[in-house]
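Analysis of the macromolecular model
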Amino acid sequence: MWYLRRVVGNSMKPAYRRGQVVLIGHARQFRINDVVVAFVDRREVLKRITDIKDGKVYLLGDNAETSTDSRTYGWVQDRHIVGKVVWPKKRQRML
């Protein structure tokens, strides 16, 4: 299954810019540096996986100054991930 999503905000700059459309593919296996859409606090967020432990993922935005991410809301259960960005693929940001 595929989903189109529009990037909201600047938390993933420079990899993804506000207003950009991304294609999300349904996936159940994730790796560090995958960019995913997840449900957090009843809303969708687009973030990068930076750590995985015991069925939970740690999500960070590439633009730390403007990102509300796992530093605020903590680890996210992997079952809350909708899917990962499959297009456009961007080089991973060095974290």
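Structure's up top.
What this report covers is the structure whose coordinates are included nearby. The structure displayed is predicted, hence computed values, not measured ones. (Residues numbered from 1 in each chain as written. Predicted model: local features only at pLDDT ≥ 70, side-chain atom pairs only at ≥ 80, totals over all residues. Heavy atoms only, no water.)

1. Points about the layout of surface pockets
Under the convention used in this document: Cavity and pocket criteria rest on a 1 Å grid covering protein atoms alone: a 1.4 Å probe that fits but cannot get out defines a cavity, protein on both sides within 12 Å along at least 5 of 7 lines defines an open pocket, and an atom within 4 Å of a point defines a lining residue. Grid points are joined across faces, edges and corners, and a volume is the space filled by probe spheres set on the points. The numbering of helices and of strands both runs from the N terminus, where a helix is a DSSP run of H or I of at least 4 residues and a strand a run of E of at least 2. Just so you know the grouping, Ala, Val, Leu, Ile, Met, Phe, Trp, Tyr, Cys and Pro go in nonpolar, Asp, Glu, Lys and Arg go in charged, and all remaining residues, Gly too, go in polar.
Estimates place the volume of the largest pocket at around 270 Å³. For the largest pocket, the lining is made up of 16 residues, of which Val8, Arg43, Glu44, Val45 and Leu46 are closest to its centre. At the level of secondary structure, the elements contributing two or more residues to the lining of the largest pocket comprise β1 (2-6) and β4 (43-53). For the lining of the largest pocket, the element with the most residues is β4, which contributes 5 residues. Of the residues belonging to the lining of the largest pocket, the class tally is 7 nonpolar, 4 polar and 5 charged.

2. Observations regarding unusual backbone geometry
Rules: Throughout, exposure labels follow a simple rule: accessible area from a 1.4 Å probe, protein chains only, divided by the maximum for the residue type, with under 20% read as buried, over 50% as exposed, and the rest as partly exposed.
Each neighbour pair has its own omega, and for lysine 13 with proline 14 the value is 5°, a cis peptide bond. Here proline 14 shows up in the loop between β1 and β2 (21-25). Cis geometry marks the peptide bond from tryptophan 87 to proline 88; its omega dihedral reads -10°. Along the chain, proline 88 turns up in the segment after β7 (81-87). In the Ramachandran plot, aspartate 41 falls in the positive-phi region, its phi being about 50° despite a non-glycine side chain. In this model, arginine 42 sits at a positive phi of 65°, which is unusual for a non-glycine residue. Assignment of secondary structure puts arginine 42 in the loop between β3 (35-40) and β4. On the basis of relative accessible area, arginine 42 is assigned to the exposed category, the value being 85%.

3. Here we look at the nonpolar core
Condition: Grouping buried Ala, Val, Leu, Ile, Met, Phe, Trp, Tyr and Cys residues that are joined through side-chain atoms within 4.5 Å yields what is termed a nonpolar core. A contact between two residues is defined here by any heavy atoms of the two lying within 4.5 Å.
Among the nonpolar cores identified, the biggest contains 12 residues, and these are Ala27, Phe30, Val36, Ala38, Val40, Val45, Ile49, Val57, Leu59, Tyr73, Val76 and Ile81. Counting only elements with at least two residues in this core, the list comes to β3, β4 and β5 (56-60). The element that contributes the greatest number of residues to this core is β3, accounting for 3 residues. Contacts of valine 36, omitting those with residues within four sequence positions, involve Phe30, Val45, Leu46, Lys47, Ile49, Leu59, Ile81, Gly83 and Lys84. In terms of nonpolar packing, the next biggest core, distinct from the first, is built from 11 residues, Val7, Met12, Val22 and Val85 among them.

4. Describing the sheet that holds β3
Our working definition: In this scheme, strands are said to pair when DSSP sees at least two bridges between them.
Pairing is antiparallel in the open sheet, where 7 strands are placed in the order β1-β2-β7-β3-β4-β5-β6. Pairing within the sheet leaves two strands with one partner each, and these edge strands are β1 and β6 (76-77). In terms of strand pairing, β4 meets β5 through 5 bridges, oriented antiparallel. Note on β5: the bridge partner recorded for lysine 53 is lysine 56.

So yeah, pure geometry; function would need other evidence.
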